[in-house]
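Letter by letter, the chains look like this.
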Amino acid sequence: MMNCDMSRFLAYSFDFAGAQMLGARENQQDFYAFVPPDQFEGRAVLCVLADGMGGYEGGEIASECAVRAFVSVFLKDLVPEPDKLPEALSAANEAVGDARLVSEKVRNMGTTLCAAYICGNFLHYISVGDSLIFLYRRGKLHRINRIHTIGQDLSEKLVEGRITLEEFDAEPQKNCLTSALVGEPLLHVDYRSGIFMEPGDMILLSSDGILTIGKESLADCCRQCTPLSPAIQDVRNILDTVREAGRATQDNTSVALIKVLEMSSHRDTGRETLIIKRSHQDLSLIHI
């Protein structure tokens, strides 16, 4: 078991915020949540983000159901150990499976999910599907989680020489998921524990709508962030960049940002609640 290193947790503080845009969709099927440091005795912060699928009603139900179940199980311990993440993910998957049985209209719903937990000096994460976790450090942006799509699998086979470029290009379903929360055994899970965090690091969770602007444009947005710029302003700038791209088929896009700060740079945001409600208004809050 990987313990949370609490020996230096007072050296860091966090600013965090999230926001969403609807894009060309008729409804918002993403859902995300923060559990702030004051819920972990100042020692940690958790963010969970899900991107629902399965029709007009199903996607939004699945994503909210999964996030709420994940957070509920994770918070059973005062300061959870990182190995609580797989347990919380299993609970989220089970909750979606149970919800699918309620109505025929949502029988085919499901969701992706990614979660980032910074405890002490270390980042721990878990993800299923194609939602993204980025680490921005010292001017460079890195996607740190593995996405579970046919295209990702084919890309790896292409690099290994197991398929040709022609075979890769001929696949029409590159964006199809190979793993998602639908209540059945999870085929693929990306779980990593113990990434050392540095002051100035930023962790960015996003639904795949962010891919509209490409990694380099997203990196440019991150370079505009400073230790003193509010996280909510940084998130809005990213979403403004997505809007300005003007993609006619723009998917829902949710962005959740955690900034790792020195204590002297901490900005008191006065957050007292746990769950950020799905809303087109930034930081609309409800209690879990």
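Residues numbered from 1 in each chain as written. Predicted model: local features only at pLDDT ≥ 70, side-chain atom pairs only at ≥ 80, totals over all residues. Heavy atoms only, no water.

**Some details on helix α5 (residues 214-223)**
Argument step 1. Residues of α5 that are buried: Leu218, Ala219, Cys221 and Cys222. One side of α5 holds all its buried residues, which, seen down the axis, span an arc of 155°.
Argument step 2. Looking at the buried positions of α5, the neighbouring elements they touch are β7 (132-137), β8 (140-143), β10 (202-206) and α6 (231-245). (Buried < 20%, exposed > 50% of the residue type's maximum accessible area, 1.4 Å probe, protein only. Helix = DSSP H or I, 4+ residues; strand = E, 2+ residues; numbered from the N terminus. Arc of directions from axis to C-beta. Contact = heavy atoms within 4.5 Å.)

**Overview of the pattern of salt bridges**
Argument step 1. Applying the stated rule across the entire model yields 13 salt bridges.
Argument step 2. Arg68 serves as the salt-bridge partner of Glu64, at 3.0 Å between the closest nitrogen and oxygen. Taken together, the residues Glu64 and Arg68, both in helix α1 (residues 55-74) and four residues apart, mark about one turn of the helix.
Argument step 3. Two residues, Asp240 and Arg243, come together in a salt bridge whose shortest N-O distance is 3.1 Å. Taken together, the residues Asp240 and Arg243, both in helix α6 and three residues apart, mark about one turn of the helix.
Argument step 4. The structure contains a network of salt bridges with shared partners spanning Arg137, Arg138, Glu198 and Asp201. (Salt bridge = Lys/Arg side-chain N within 4 Å of Asp/Glu carboxyl O.)

**Looking at the packing of aromatic side chains**
Argument step 1. Evaluated as defined, the whole model comprises six aromatic pairs.
Argument step 2. Judged by centre distance (6.2 Å) and plane angle (20°), the rings of Phe70 and Phe74 are stacked. Separated by four residues within a single helix, Phe70 and Phe74 lie in helix α1, roughly one turn from each other. In this structure, Phe70 and Phe74 share a single accessibility class: buried. (Phe/Tyr/Trp six-rings, centres within 6.5 Å; stacked < 30°, edge-to-face > 60°.)

**A short note on the sheet that holds strand β11 (residues 253-262)**
Through backbone hydrogen bonds, the strands of a sheet pair up, either in parallel or in antiparallel fashion.
Argument step 1. One open sheet holds the five strands; their spatial order is β1-β11-β10-β7-β8, and the pairing between them is antiparallel. If you trace the sheet from one side to the other, it starts and ends with β1 (12-21) and β8, each paired once. The average undirected angle you get between the axes of adjacent strands in this sheet is 20°.
Argument step 2. Direction of pairing for β10 relative to β11: antiparallel, over a ladder of five bridges. (Pairing = 2+ DSSP bridges. Axes fitted to C-alpha atoms, helices over the stretch in contact; angles between N-to-C directions.)

**Here we look at the environment of Arg192**
Argument step 1. You can see Arg192 is positioned in strand β9 (residues 190-196).
Argument step 2. Taking the C-alpha atoms as reference points, Arg192 and Ile126, separated by 66 residues in sequence, lie 6.5 Å from one another.
Argument step 3. Leave out the neighbours within four places in its chain, and Arg192 touches His124 and Tyr125.

That is the geometry; function is a separate question.
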